[in-house]
Amino acid sequence: MELEGKIILDLPLQSGTSKAGNPWKKKEWVLETFGNYPKKVKIQAFGDRVDNLRIETGKDYRLGIDIESREFNGRWYTDVSVYSAQELVQQQPGYQQPAYGGEPQPGYGQPQAPASFGAAPAPNFTAAPAGNDEDLPF
């Protein structure tokens with residue numbers, strides 16, 4: 001699965017030794033998704049992946065993730081483990097990289113909205129004709 005968003009929090013590295021005597025380490029971050037209703041998701045890397053991932057606070061990423069839930073004492077816990085991270089680089093407005101590679105082309109990809117797109121229409125302040133009381137509730 002993939003998840004995109006901005007890293008908003010870098011939690012401290014955790015490490016220790018297992019019951020079997022093996023060393024372990026875990027790193028966690030909080031990612032905020034894009035969109036109208038952003039969600040905050042705690043992600044983690046475990047073991048050698050901690051050293052292989054270069055994730056920085058304040059940058060946008062596309063992450064390869066695995067989601068797994070487990071039960072412990074009647075309660076369920078969910079982990080979102082990250083195995084790859086690709087930084088999303090901001091491009092100049094109006095230029096998008098083609099999906100097949102190559103040089104960016106002006107206007108390639110999504111069509112641009114006109115400058116007036118989303119603007120409210122001009123208000124119409126015309127007076128109602130005199131004697132027209134039919135739409136009043138009393």
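An account of the accompanying structure is given in this report. (Residues numbered from 1 in each chain as written. Predicted model: local features only at pLDDT ≥ 70, side-chain atom pairs only at ≥ 80, totals over all residues. Heavy atoms only, no water.)

Concerning the overall build of the protein chain
Of regular secondary structure, the protein chain possesses one helix and eight strands. Looking at the protein chain as a whole, 19% of its 138 residues are labelled buried. In the protein chain, of all internal contacts separated by at least 6 residues, the share reaching a separation of at least 24 is 43%. A total of about 11,100 Å² of accessible surface is found on the protein chain, and carbon and sulfur atoms cover 52% of it. (Helix = DSSP H or I, 4+ residues; strand = E, 2+ residues; numbered from the N terminus. Buried < 20%, exposed > 50% of the residue type's maximum accessible area, 1.4 Å probe, protein only. Contact = heavy atoms within 4.5 Å. Areas by Shrake-Rupley, 256 points an atom, 1.4 Å probe, with all protein chains shown as cover.)

Comments concerning the pattern of salt bridges
Tallied over the full model, the rule gives 11 salt bridges. When the shortest N-O distance is used, the salt bridge between E4 and R62 registers 2.6 Å. With E4 in strand 1 (residues 2–10) and R62 in strand 5 (residues 60–72), this residue pair connects regions lying 58 residues apart in the sequence. Note that K59 is salt-bridged to E87, the shortest N-O span being 3.9 Å. Within this pair, whereas K59 is found in the loop between helix 1 (49–52) and strand 5, its partner E87 is found in strand 6 (residues 75–87), the two being separated by 28 residues in sequence. For E87, a relative accessible area of 38% translates into the label partly exposed. Each of E2, E4 and R62 takes part in salt bridges that share partners, so that together they form one network. (Salt bridge = Lys/Arg side-chain N within 4 Å of Asp/Glu carboxyl O.)

A short note on the side chain of K27
Along the polypeptide, K27 turns up in strand 3 (residues 23–33). By relative accessible area, K27 is classed as buried at 13%. At 2.3 Å, the side chain of K27 forms a polar contact with the backbone oxygen of L11. In contact with K27, not counting residues within four places along its chain, are D10, L11, P12, L13, I43, Q44, A45 and V50. (Polar contact = N/O pair within 3.5 Å; in protein donor to acceptor, adjacent residues only side chain to side chain.)

Considering the pairing of strand 3
Sheet analysis places strand 1 next to strand 3, joined by five bridges and oriented antiparallel. In the sheet register, D10 faces strand 3, and the bridge partner there is W29. Pairing of strand 2 (residues 14–17) with strand 3 involves four bridges; the strand directions are antiparallel. For G16, the partnering residue across the bridge sits in strand 3 and is W24. Between the antiparallel neighbours strand 2 and strand 3 lie five residues, among them G21 with a positive phi of about 90°. Bridging between strand 3 and strand 4 (residues 40–46) involves seven bridges; their strand directions are antiparallel. (Pairing = 2+ DSSP bridges.)

Some details on the pairing of strand 6
Strand direction decides the pairing type here: strand 5 and strand 6, joined by 12 bridges, are antiparallel. From the neighbouring strand, L63 faces strand 6, where its bridge partner is A85. Here strand 5 folds back onto strand 6, and the loop between the two strands holds two residues, one of which, N73, carries a positive phi near 55°.

Concerning the nonpolar core
Core analysis: the biggest nonpolar cluster contains 15 residues, and I7, W29, I43, I55, L63 and V82 have the highest contact counts within it. Aside from chain neighbours lying at most four places away, what touches V82 is W29, I43, Q44, A45, R49, L53, L63, G64 and I65. (Core = buried A, V, L, I, M, F, W, Y, C linked by side-chain atoms within 4.5 Å.)

A closer look at the packing of aromatic side chains
Across all of its chains, the model carries one aromatic pair by this definition. Centre to centre, the rings of W24 and F46 are 6.2 Å apart; their planes meet at 10°, and the pair counts as stacked. One end of the pair, W24, is in strand 3; the other, F46, is in strand 4, and 22 residues separate them in sequence. (Phe/Tyr/Trp six-rings, centres within 6.5 Å; stacked < 30°, edge-to-face > 60°.)

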